[in-house]
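# An overview of the molecular structure
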Amino acid sequence: MTEKLFWIFIATFLVAVASFTVYEDNFDDDTYDVDDNNNNGERQGKILFPFVSIVRFANVDCASTNTMNGTCLARRECNNLNGTITGNCAARRGRCCIVSRACGTATNVNNTYFTSPGYPAAYAGGQACSIIVNRCNNNICQLRIDLLDMVLAQPNGDGVCATDALTITGGNTIVPILCGDNTGQTLFVDFNGNAAITISVTATLATTFTRRWNIRLTQLGCDCPGLAPNGCLQYYTGVMGTIRSFNYGTAANTALSGSLVTGTRQLANLNYGICIRMEAGFCAIQYSQAANDVFSFTVTGDVEGADNTVLGTAVGAVNGAACTTDFVVIPNPIVVGTNLGAGTDRFCGLGFVPVQSGAKPFVLYVVTDANEGATAITPPDIANRGFSLAYTQIAC
Ligand SMILES: *[C@@H]1O[C@H](CO)[C@@H](O)[C@H](O)[C@H]1NC(C)=O
Ligand SMILES: *[C@@H]1O[C@H](CO)[C@@H](O)[C@H](O)[C@H]1NC(C)=O
Ligand SMILES: *[C@@H]1O[C@H](CO)[C@@H](O)[C@H](O)[C@H]1NC(C)=O
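First, a word on what this report is: a plain description of the structure on this page. (Residues numbered from 1 in each chain as written. Chains lettered and ligands numbered in written order. Predicted model: local features only at pLDDT ≥ 70, side-chain atom pairs only at ≥ 80, totals over all residues.)

This paragraph deals with the overall build of the protein chain. Summing up its helical and strand segments, the protein chain has three helices and 27 strands in all. The 396 residues of the protein chain split such that 39% are buried. Residue pairs at least 24 apart in sequence account for 73% of intrachain contacts in the protein chain once pairs closer than 6 positions are excluded. (Helix = DSSP H or I, 4+ residues; strand = E, 2+ residues; numbered from the N terminus. Buried ≥ 20, exposed ≤ 12 C-beta atoms within 10 Å, placed from the backbone. Contact = placed C-beta atoms within 7 Å.)

As structure tokens, then:
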């Protein structure tokens, strides 16, 4: 009798566990799919009980194509998100699901890709194209915006995004208006409570070239280790790396400035911070111009009028009170060559002398004024490209 009661108890317990488990997030809704053959022995492992088939798996990233990653979901979940299934994952129990959205859509799905019409083909332009990003839950603090591929028209010769413009609004981080080549740049935008963040691209129809974009939108939880400190528009991790101004590139802008001299790539109206995570065991940070590129710090002045004794050298470097229009700010720096204080935190001109800073947190601020053309006040800006600076953290 006692033995019978025991077995009834066990049976009840198993059924209870089974019904609970079945309502977990992910269950296999494809058990009878024709595309699933049984000859790999996999079905076997899915049968936990003779009367119910249960499969659960983590919603991890799954590599899908070289331009977009998917998330491993049940097939029905993917269909509900209007996602595209690219293959199997979780040992064929889940479906690799890419969520990609075009112009005029909204998303609250983590890891949504926002692409130009017809991506990766060139987009001719036309009406404004935008996506509204809502938080996927109440515990989301930040949107990480990876510009995986971002080619828009260059600014006009005065550094203003007049032909094409990427604008990001609605968040608590002010994002400058961007254009030109920004492939590889990543932005971190704080959500402003529950308000949506809108990403909008205006692209002038008349201008045709290889304009296109593929932007990955990752929602970061308030406790996520990848979160940037509040307000940092860009956030780098790692002991060394390269930070570039928006639209930094190796070719000159072909547009002319308002005063008909060679235009600038450097964008106007910038005012943001680039933060770098202080890695364990490191106490200071050193910045220097990217090697083998004399244009890698051309922030103010006349690039065309300068020769190679000036471009990218200490002769071209300007700092302090002479930097009033466009400059970077590095707090309390020491000049590496002399080990003496720089006596200023502002740097501009056509060259950059390596400096170190022990001020924490590690932040480099970027400021430009409204006009990057030759009509700007002295010194005139001609053919400025912005900066590409290598950083290295210094061990304690
Ligand atoms: C896909 O994921 C891998 C690993 O996290 C990452 O390195 C890669 O950049 C991602 N690719 C895209 C296109 O999102
Ligand atoms: C999926 O597409 C349909 C039809 O276009 C649309 O009505 C629905 O809102 C979309 N769902 C999501 C989650 O985007
Ligand atoms: C969104 O996806 C990324 C990468 O896959 C992950 O690190 C992050 O935690 C996810 N966010 C949420 C809210 O799950």
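We are not done yet, so read on.
Time to look at the site of ligand 3. Close to ligand 3 lie D61, N110, N111, C136, I140, T218, Q219, G221 and C224, which account for all nearby residues. Broken down by element, the shell around ligand 3 gets its largest block of residues, three residues, from strand β14 (residues 212–221). (Near = placed C-beta within 6 Å.)

Glancing now at the nonpolar core. By size, the foremost hydrophobic cluster in this structure holds 76 residues, and its most contacted members are I145, I215, C275 and V328. Broken down by element, the residue count for this core peaks at five residues, all from strand β10 (residues 140–151). Apart from residues no more than four positions distant in its own chain, C275 is found in contact with A228, P229, C232, Q234, Y235, P361, F362 and V363. Counting eight residues, the second largest nonpolar core, distinct from the first, contains V303, L350, A374 and I382. (Core = buried A, V, L, I, M, F, W, Y, C linked by C-beta atoms within 7 Å.)

Our focus in this paragraph is the environment of A102. Mapping A102 onto the fold places it in the loop between β6 (94–101) and β7 (105–107). As a C-alpha pair, A102 and S116 span 14 residues in sequence and 6.6 Å in three-dimensional space. The residues contacting A102, other than those within four sequence positions of it, are T115 and P117.

The next thing to look at is the sheet that holds strand β20 (residues 317–319). Taken in spatial order, the six strands make up an open sheet running β15-β17-β26-β21-β24-β20, and their pairing is mixed. Each edge of the open sheet carries a strand with a single partner, namely β15 (234–236) and β20. Averaged over all pairs of adjacent strands, the angle between strand axes in this sheet comes to 25°, irrespective of strand direction. Looking at chain direction, strand β21 (residues 327–329) and strand β24 (residues 346–349) are connected through two bridges and run antiparallel. Paired with V329 across the strands is R346, a residue of β24. (Pairing = 2+ DSSP bridges. Axes fitted to C-alpha atoms, helices over the stretch in contact; angles between N-to-C directions.)

Moving on: the environment of C78. One can find C78 in helix α3 (residues 75–80). In sequence terms C78 and I98 are 20 residues apart; their C-alpha atoms lie 8.1 Å from each other.

Below, the discussion takes up the pairing of strand β17 (residues 271–276). Pairing analysis gives three bridges linking β15 to β17, with the strands arranged parallel. When the bridges of β17 are listed, Y235 appears paired with C275. Note that β17 and strand β26 (residues 362–367) share six bridges and pair antiparallel. By the bridge assignment, G273 is partnered in β26 with Y365.

Looking now at unusual backbone geometry. Here the residue pair Y119 and P120 is connected by a cis peptide bond, since its omega of 5° sits within 30 degrees of zero. Looking at the secondary structure, you find P120 in the loop between β8 (112–115) and β9 (126–133). Residue P361 follows K360 across a cis peptide bond; omega there is -5°. By secondary structure assignment, the location of P361 is in the loop between β25 (355–357) and β26. A positive phi angle, near 65°, is found at N247, a position not held by glycine. Looking at where N247 falls in the secondary structure, it is placed in the loop between β16 (240–244) and β17. Backbone geometry at A383 places phi at a positive 60°, although glycine is not the residue there.

All right, on to the environment of T115 then. Along the chain, T115 falls in strand β8. When the 23 C-beta atoms within 10 Å are taken as the criterion, T115 is described as buried. Sequence spacing of T115 and C129 is 14 residues, and the spatial spacing of their C-alpha atoms is 9.7 Å. Apart from residues no more than four positions distant in its own chain, T115 is found in contact with S100, A102, W213 and N214.

Moving on, we come to the sheet that holds β9. Within a sheet, adjacent strands bond to each other through the backbone by hydrogen bonds, running parallel or antiparallel. Spatial strand order, β7-β9-β13-β11: four strands in an open sheet with mixed pairing. Each having just a single partner strand, β7 and β11 (164–169) make up the two edges of the open sheet. Strand after strand, the sheet turns through a mean of 15° between neighbouring axes, direction not considered. The pairing of β7 with β9 spans three bridges and is parallel. Residue A106 lies in a different strand from β9, and its bridge partner there is I132.

Bridge count for strand β5 (residues 84–89) against β6 is five bridges, and the pairing is antiparallel. Residue pairing across strands places G87 opposite C96, the latter belonging to β6. Taking the residues that link successive antiparallel strands as the turn, the β5-β6 hairpin has four residues, and the phi of A90 there is positive, at about 50°.

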